[in-house]
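Here's the letter readout for the chains.
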Amino acid sequence: LQMRWTPPGRWHRLSRMILIRCLTILLVVLAARPYRLSGANRDAEGKWQGVEVQKQAHGRASFEIRLLDDATRRETFKSALGREVDPFPGRVDEIHPGYLVFVLQVNNDAAEDLVFNPGQARIATNQEVREFALDYSALYEVAHKLGPQAPTLDELAGMIFDRTVTIRAGGSVRKLLV
């Protein structure tokens with residue numbers, strides 16, 4: 001068996017050019033498309049208007065929710081934890097969707113206590129996919145993967161809705177929902 005080296009020729013250049021174009025197209029397809037969340041309220045004229053903070057009331061309970069952008073999310077964790085760590089990174093690309101981190105405030109204007117279960121919170125996509133908020137066991141898994149620099153579960157529980165919480169009459173709770 002004899003092997004011969006042949007200098008790069010026309011076919012080599014053509015195949016290389018095709019490969020580069022395919023990779024370019026692939027990178028464009030896989031580039032991160034921003035999430036678009038639709039929150040809207042009716043204005044005084046009854047027309048729907050997009051809002052940054054979605055507010056809803058149900059009986060004597062009211063809710064305010066806002067999606068944190070990447071910079072605000074990182075700064076929130078840094079401020080709360082006293083160090084730079086981002087346990088829930090945002091979207092990278094179509095393959096690595098990352099986490100959506102919201103600030104949620106629940107107000108209880110009733111005369112009795114209110115029980116809020118974040119495990120029942122979910123987001124619905126326009127493809128009709130339902131995603132549930134992370135619970136305590138999911139937070140444990142994320143913290144475990146981060147290794148030694150990870151926030152403790154107590155630190156995370158202090159800032160993230162991870163299990164059922166009772167909101168006293170006239171009280172409110174403001175935490176992150178992931």
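Calculation rules
- Residues numbered from 1 in each chain as written.
- Predicted model: local features only at pLDDT ≥ 70, side-chain atom pairs only at ≥ 80, totals over all residues.
- Heavy atoms only, no water.
- Helix = DSSP H or I, 4+ residues; strand = E, 2+ residues; numbered from the N terminus.
- Buried < 20%, exposed > 50% of the residue type's maximum accessible area, 1.4 Å probe, protein only.
- Contact = heavy atoms within 4.5 Å.
- Phe/Tyr/Trp six-rings, centres within 6.5 Å; stacked < 30°, edge-to-face > 60°.
- Expected span 1.5 Å × (residues − 1).
- Arc of directions from axis to C-beta.
- Pairing = 2+ DSSP bridges.
- Axes fitted to C-alpha atoms, helices over the stretch in contact; angles between N-to-C directions.
- Core = buried A, V, L, I, M, F, W, Y, C linked by side-chain atoms within 4.5 Å.
- Salt bridge = Lys/Arg side-chain N within 4 Å of Asp/Glu carboxyl O.

**Regarding the overall build of the protein chain**
Counting its regular elements, the protein chain contains 4 helices and 10 strands. When the helices and strands of the protein chain are listed from N to C terminus, the series reads α-β-β-β-β-α-β-β-β-β-α-α-β-β. Across the 178 residues of the protein chain, 26% fall into the buried class. Contacts in the protein chain between residues at least 24 apart in sequence constitute 60% of all its contacts with a sequence separation of at least 6.

**A few points about the packing of aromatic side chains**
A ring pair, where both rings are aromatic, is described by two values, the distance of the centres and the angle of the planes. Applying the stated rule across the entire model yields 4 aromatic pairs. Geometrically, the ring pair formed by Phe63 and Phe116 is tilted, given 6.4 Å between the ring centres and 50° between the ring planes. In this pair, Phe63 sits in strand E4 (residues 61-67) while Phe116 sits in strand E6 (residues 114-116), placing the two residues 53 residues apart along the sequence. Ring centres of Phe116 and Phe161 lie 5.1 Å apart, and the angle between their planes is 70°; on these two criteria the pair is classed as edge-to-face. Taken together, the residues span a long stretch of sequence, with Phe116 in strand E6 and Phe161 in the loop between helix H4 (153-159) and strand E9 (165-167) at a distance of 45 residues. We note that Phe116, like Phe161, is buried.

**Focus on helix H2 (residues 70-81)**
Here H2 is 12 residues long and its end C-alpha atoms lie 17 Å apart, about the 16 Å a rise of 1.5 Å per residue gives. Burial in H2 covers these residues: Arg73, Phe77 and Leu81. Projection of H2 onto a plane perpendicular to its axis shows the buried side chains occupying an angular sector of 45°, all on one side. In H2, the exposed positions angled more than 90 degrees off the buried face are occupied by Ala71 and Ser79. Buried residues in H2 make contact with H4 and strand E10 (172-177).

**Notes on the sheet that holds E4**
With antiparallel pairing, 4 strands are arranged side by side in an open sheet as E3-E4-E5-E10. Strands at the two margins of the open sheet, each flanked by one partner only, are strand E3 (54-58) and E10. When the angles between neighbouring strand axes are averaged without regard to direction, this sheet yields 15°. Where E3 meets E4, 5 bridges bridge the pair, whose relative direction is antiparallel. Bridge pairing in E4 links Ala57 to Ser62.

**Thoughts on the nonpolar core**
Within the largest apolar cluster, 19 residues are counted, with the highest numbers of intra-cluster contacts made by Phe77, Phe88, Leu139, Leu156, Ile160 and Leu176. Secondary structure elements with two or more residues in this core: H2, helix H3 (136-146) and H4. The contacts of Leu139, once residues within four sequence positions are left out, are Phe88, Leu134, Leu153, Leu156, Ile160 and Asp162. Counting residues in hydrophobic clusters, the runner-up holds 12 residues, among them Leu100, Leu104, Phe116 and Ile167.

**Considering the pairing of E4**
Linking two consecutive strands that pair antiparallel, namely E3 and E4, is a turn of 2 residues; a positive phi of about 65° is found at Gly59 within it. In this structure, E4 lies alongside strand E5 (residues 102-108), joined through 7 bridges in antiparallel fashion. Among the inter-strand pairings, Arg66 is bridged to a residue of E5, identified as Val103.

**Overview of the pattern of salt bridges**
For side chains bearing opposite charge, pairing can occur when the charged atoms are close. Summed over all chains, the structure comprises 8 salt bridges. Here Glu45 ties to Lys47 by a salt bridge, and the two come within 3.9 Å at their closest N and O atoms. Residue classification places Glu45 among the exposed positions, given a relative accessible area of 63%. As a salt-bridge pair, Arg163 and Asp162 come within 3.3 Å of each other at their nearest N and O atoms. Linked by salt bridges that have partners in common, Asp70, Arg73 and Asp86 make up one network.

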